[in-house]
Amino acid sequence: IKLSEQLEELGFTLVRFKTGTPPRVNSHTIDYSKTEIQPGDETPRAFSYETTKYITDQLPCWLTYTSEKTHQIIDENLHRSPMYSGMIKGSGPRYCPSIEDKVVRFHDKPRHQIFLEPEGRNTQEVYVQGLSTSLPEDVQHRLIASVPGLENAQMMRPGYAIEYDAIVPTQLWPSLETKKIKNLYTAGQINGTSGYEEASAQGIMAGINAGRRALGKEEVILSRSDAYIGVLIDDLVTKGTTEPYRLLTSRAEYRLLLR
């Protein structure tokens, strides 16, 4: 809160966005016989033809679906969802709506896909992709139990929603230095983006440019025809964004040239 207030006092314009996460469940408590296996590619493929070593023992994901019971529980508890009660007003990411969003907006659909994704080889945590929610924990227990295969699943962590402040990114130079304060660089969610890759892309560029500034060297700017990072940063600093921004291949007019 204080950081946001200080940025506003310094003359920055902020915008309010939101994002959500799904609950995590214990793999040992899932009945996988009621789900469909989703294996990786039989023949692994890489981004580069120079790649010759592949992970051959990929962990599969599993597909299940919400049920009528799931949708009924959500309908009955919408008033307890901060996303719907008006408590959270920010814009959310278009490409990963909450389960509340999906049930309300697509009320004619009897079910929605749920992907069960293992979080790693050394944990039992499974990410319930497609079930992002801001509903209270007691409702989440019932939601999980209403999904085929998860009737007896143990919730390891509940899902939750976050509302946060971001800088309107047109207040940045293409180096990711702020226009108002020299030598202050920002990267990631604070610049209005959503996603790990978007954050890491900006982080490396802001880090390179802050480091080069400290050494008295020229900044590094990638153009839209050089790299997807160039498209990402150019979109942000020239167009801004009205929702959490994700980089899509369709945003890159030079995508046939980019690797």
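Residues numbered from 1 in each chain as written. Predicted model: local features only at pLDDT ≥ 70, side-chain atom pairs only at ≥ 80, totals over all residues. Heavy atoms only, no water.

Attention now moves to the overall build of the protein. Check the secondary structure of the protein and you find 7 helices and 8 strands. With 259 residues in all, the protein has 39% of them scored as buried. Accessible surface, the protein: about 15200 Å² in total, of which carbon and sulfur atoms supply 52%. If the 30 positive side-chain charges of the protein are averaged to one point and the 33 negative ones to another, these points end up 3 Å apart. (Helix = DSSP H or I, 4+ residues; strand = E, 2+ residues; numbered from the N terminus. Buried < 20%, exposed > 50% of the residue type's maximum accessible area, 1.4 Å probe, protein only. Areas by Shrake-Rupley, 256 points an atom, 1.4 Å probe, with all protein chains shown as cover. Lys, Arg positive; Asp, Glu negative; His and termini not counted. Charge placed at Lys NZ, Arg CZ, Asp CG, Glu CD.)

The strand order across the open sheet built from 6 strands is S3-S4-S5-S6-S2-S7, with neighbouring strands paired in antiparallel fashion. For this open sheet the edge positions go to strand S3 (36-38) and strand S7 (155-157), each flanked by a neighbour on one side alone. The mean angle between the axes of side-by-side strands here comes to 35°, regardless of whether they run parallel or antiparallel. (Pairing = 2+ DSSP bridges. Axes fitted to C-alpha atoms, helices over the stretch in contact; angles between N-to-C directions.)

Glancing now at the side chain of Thr-35. Summarising the element assignment, Thr-35 is placed in the loop between strand S2 (24-26) and S3. At 2.8 Å, the side chain of Thr-35 and the backbone oxygen of Tyr-32 are in polar contact. If we ignore the near neighbours within four places in the chain, the residues touching Thr-35 are Trp-62, Leu-63, Thr-64, Leu-116, Pro-148 and Gly-149. (Polar contact = N/O pair within 3.5 Å; in protein donor to acceptor, adjacent residues only side chain to side chain. Contact = heavy atoms within 4.5 Å.)

Evaluation of the coordinates by the stated rule reveals 18 salt bridges. When the shortest N-O distance is used, the salt bridge between Glu-243 and Arg-94 registers 2.6 Å. Separated by 149 residues along the polypeptide, Glu-243 in the segment after helix H7 (228-239) and Arg-94 in the loop between helix H3 (82-85) and helix H4 (99-105) bring together distant segments of the chain. When its relative accessible area of 16% is taken as the criterion, Glu-243 is described as buried. (Salt bridge = Lys/Arg side-chain N within 4 Å of Asp/Glu carboxyl O.)

For the rest of this paragraph, the subject is the pairing of strand S4 (residues 61-65). Across 3 bridges, the pairing between S3 and S4 is antiparallel. Bridge pairing in S4 links Gln-38 to Cys-61. When S4 meets strand S5 (residues 113-118), the two strands line up antiparallel, connected through 4 bridges. Across the sheet, the residue bridging to Tyr-65 is Gln-113, located in S5.

The next thing to look at is the nonpolar core. Formed by 20 residues in total, the largest nonpolar core has its most connected members in Val-25, Ile-74, Leu-116, Val-128, Ile-144 and Leu-150. When residues of this core are traced back to their parent elements, those giving at least two are helix H2 (68-77), H4, S5, strand S6 (125-129) and helix H5 (137-145). Sorting elements by how many residues they give to this core places H5 first, with 3 residues. In terms of nonpolar packing, the next biggest core, distinct from the first, is built from 7 residues, Leu-172, Leu-176, Met-205 and Ala-206 among them. (Core = buried A, V, L, I, M, F, W, Y, C linked by side-chain atoms within 4.5 Å.)

Between H2 and H5, whose axes approach to 8 Å, the crossing angle comes to 160°. Here H2 is positioned roughly antiparallel relative to H5, judged by the angle of their axes. Every pair of crossing elements has a handedness; the one defined by H2 and H5 is right-handed. Mapping the contact onto sequence places Thr-70, Ile-73, Ile-74, Glu-76 and Asn-77 in H2 and Val-139, Arg-142 and Leu-143 in H5. Here the residues of the contact of H2 with H5 sort into 4 nonpolar, 2 polar and 2 charged. (Parallel < 35°, antiparallel > 145°, perpendicular 65-115°, else oblique. Left-handed = near helix turned anticlockwise from the far one by under 90°. Nonpolar A, V, L, I, M, F, W, Y, C, P; charged D, E, K, R; others polar.)

If you walk through the whole model with that rule in mind, you get 0 disulfides. Cysteine Cys-61 remains unbridged, with the sulfur of Cys-96 as its closest cysteine sulfur at 16 Å. Judged by its relative accessible area of 23%, Cys-61 falls in the partly exposed class. (Disulfide = S-S within 2.5 Å.)

For the rest of this paragraph, the subject is the environment of Thr-249. On the secondary structure map, Thr-249 appears in the segment after H7. As a C-alpha pair, Thr-249 and Tyr-185 span 64 residues in sequence and 26 Å in three-dimensional space.

With that settled, the discussion passes to the environment of Tyr-254. If you trace the backbone, Tyr-254 turns up in the segment after H7. In this structure Tyr-254 comes out as partly exposed when scored by relative accessible area, which is 37%. Spatially, the C-alpha atom of Tyr-254 lies 9.1 Å from that of Tyr-228, the residues being 26 residues apart in sequence. Excluding residues within four positions of it along the chain, Tyr-254 makes contact with Arg-224 and Ser-225.

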